[in-house]
Amino acid sequence: VALATEGRQCDVGLVESTVTGQNLLLHPFSVPCVCLMNKKHELAQKKHIDLIDLDNLPLIGITGTHKLDLELNQLAQNAGINLQRRANAYFFAIARQLVSKNIGVAIIDIMNGVVDLDADLTWRPFTPELSYEMTAIQPKLKTIPIQTETFIECMEKELVEIRATYESGLVNGPKTSADHI
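Residues numbered from 1 in each chain as written. Predicted model: local features only at pLDDT ≥ 70, side-chain atom pairs only at ≥ 80, totals over all residues. Heavy atoms only, no water.

### Some points on the overall build of the protein
Alright, step 1. The helix and strand tally for the protein stands at five helices and eight strands.
Alright, step 2. Ordering the α and β elements of the protein from the N terminus gives α-β-β-β-β-α-β-α-β-α-β-β-α.
Alright, step 3. Projected onto the principal axes, the alpha-carbon positions of the protein cover approximately 55 × 30 × 25 Å.
Alright, step 4. Partitioning the contacts of the protein with sequence separation of at least 6, the portion at a separation of at least 24 is 75%.
Alright, step 5. Summed over all atoms, the accessible surface of the protein reaches about 9600 Å², with 53% contributed by carbon and sulfur.
Alright, step 6. In the protein, the 16 positive side-chain charges and the 22 negative ones have mean positions that sit 3 Å from each other. (Helix = DSSP H or I, 4+ residues; strand = E, 2+ residues; numbered from the N terminus. Contact = heavy atoms within 4.5 Å. Areas by Shrake-Rupley, 256 points an atom, 1.4 Å probe, with all protein chains shown as cover. Lys, Arg positive; Asp, Glu negative; His and termini not counted. Charge placed at Lys NZ, Arg CZ, Asp CG, Glu CD.)

### Describing the pattern of salt bridges
Alright, step 1. In total, this model carries three salt bridges according to the counting rule given.
Alright, step 2. Notably, a salt bridge pairs D69 with R85, separated by 3.4 Å at the nearest N-O pair. Residue D69 is located in helix α2 (residues 67–79), and its partner R85 is located in strand β5 (residues 84–88); the two are separated by 16 residues in the primary sequence.
Alright, step 3. Classification of R85 by relative accessible area gives partly exposed; the value is 28%. (Salt bridge = Lys/Arg side-chain N within 4 Å of Asp/Glu carboxyl O. Buried < 20%, exposed > 50% of the residue type's maximum accessible area, 1.4 Å probe, protein only.)

### Points about the packing of aromatic side chains
Working definition: an aromatic ring pair is given by the centre-to-centre distance plus the angle between the planes.
Alright, step 1. Under the definition given, this model contains two aromatic pairs.
Alright, step 2. Geometrically, the ring pair formed by Y90 and F91 is edge-to-face, given 4.8 Å between the ring centres and 90° between the ring planes.
Alright, step 3. For Y90, a relative accessible area of 62% gives the class exposed.
Alright, step 4. In this structure F91 comes out as partly exposed when scored by relative accessible area, which is 49%.
Alright, step 5. Pairing F92 with Y132 gives two aromatic rings, centres 5.2 Å apart and planes at 85°, and the pair type is edge-to-face. Taken together, the residues span a long stretch of sequence, with F92 in helix α3 (residues 92–100) and Y132 in strand β8 (residues 131–139) at a distance of 40 residues.
Alright, step 6. Judged by relative accessible area, which is 6%, Y132 ranks as buried. (Phe/Tyr/Trp six-rings, centres within 6.5 Å; stacked < 30°, edge-to-face > 60°.)

### Quick notes on helix α5 (residues 146–168)
For an α-helix the count is 3.6 residues per turn, leaving residues at separations of three or four pointing the same way.
Alright, step 1. For α5, built from 23 residues, the straight-helix expectation of 33 Å at 1.5 Å per residue is met to within 8% by its first-to-last C-alpha distance of 33 Å.
Alright, step 2. Buried within α5 are the following residues: T148, I152, M155, E158, L159, I162, T165 and Y166.
Alright, step 3. Buried residues along α5 sit in contact with β1 (13–15), β2 (24–38), α4 (110–114), β7 (121–127) and β8. (Expected span 1.5 Å × (residues − 1).)

### Some thoughts on the nonpolar core
Alright, step 1. In terms of nonpolar packing, the biggest core is built from 44 residues, with C35, L54, L72, I107, I110, F126 and Y132 touching the most fellow members.
Alright, step 2. In terms of residues, this core owes the most to one element, β2, which gives seven residues.
Alright, step 3. Ranked by size, the runner-up nonpolar core spans five residues in total, among them V15, V19, L24 and I137. (Core = buried A, V, L, I, M, F, W, Y, C linked by side-chain atoms within 4.5 Å.)

### Quick word on the environment of M155
Alright, step 1. Tracing the sequence through the fold places M155 in helix α5.
Alright, step 2. With 90 residues separating them in the primary sequence, M155 and T65 have C-alpha atoms 27 Å apart.

### Observations concerning the side chain of D69
Alright, step 1. Residue D69 is classed as buried on the basis of its relative accessible area, which comes to 3%.
Alright, step 2. With residues near it in sequence (within four places) discarded, D69 still touches G61, I62, T63, G64 and R85.

Here it is in C-alpha cells:
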C-alpha cells in the first residue's frame, strides 16, 4: 500500500505498520480497543471489562501473531490469566462474525467495535487499555485532491468522536467514518 501510494497509484492508503518514505505525508492515529461480545454473553451484563474477566473464557484472536494478540498474551501471562483462544480471524470483520455467533469475545479496535452491523453485538471498554495504531498515508503533492483532504478530515473528526464515546463508556456509540463517506 505504501509503495502504491508513494508511487501515486492511489491518493490515500491506510496501513498498520510503521511507514517511511520521503514522498509520503503521514497521518498517524491511535484508538483504544474494546471487548466485543454477543449481547447474550455473560459479560454483556457488565459496564466495563477487565483483563481478569477473560480468564478461561473463549476468545477470538486476530491472527495469533498480530500486535494486539501479542500484547494481550503478555498482559495475561503477567497476570496469570488463562486465555482460551477459540479461533483467529485475519480481519476484524471476521472476528465480528465469530463473536456474533457467540463463539467467543474479541478485543478489537473501537472503530470496528462500535459499528452496528449486527444487532447481536455489543461492546464494553476494556482495561488495561490496548491501542490500535494505523497511519493514513498520502503522496506528497503540490496539490492534494479534495477527496483526499476530505477523507483525512472526516477520519480525524470521526476518531475524536469515537475516542469520546470510549471515554464516556457509552454502549453502541457512533458509526465509523466509513459510514459517512
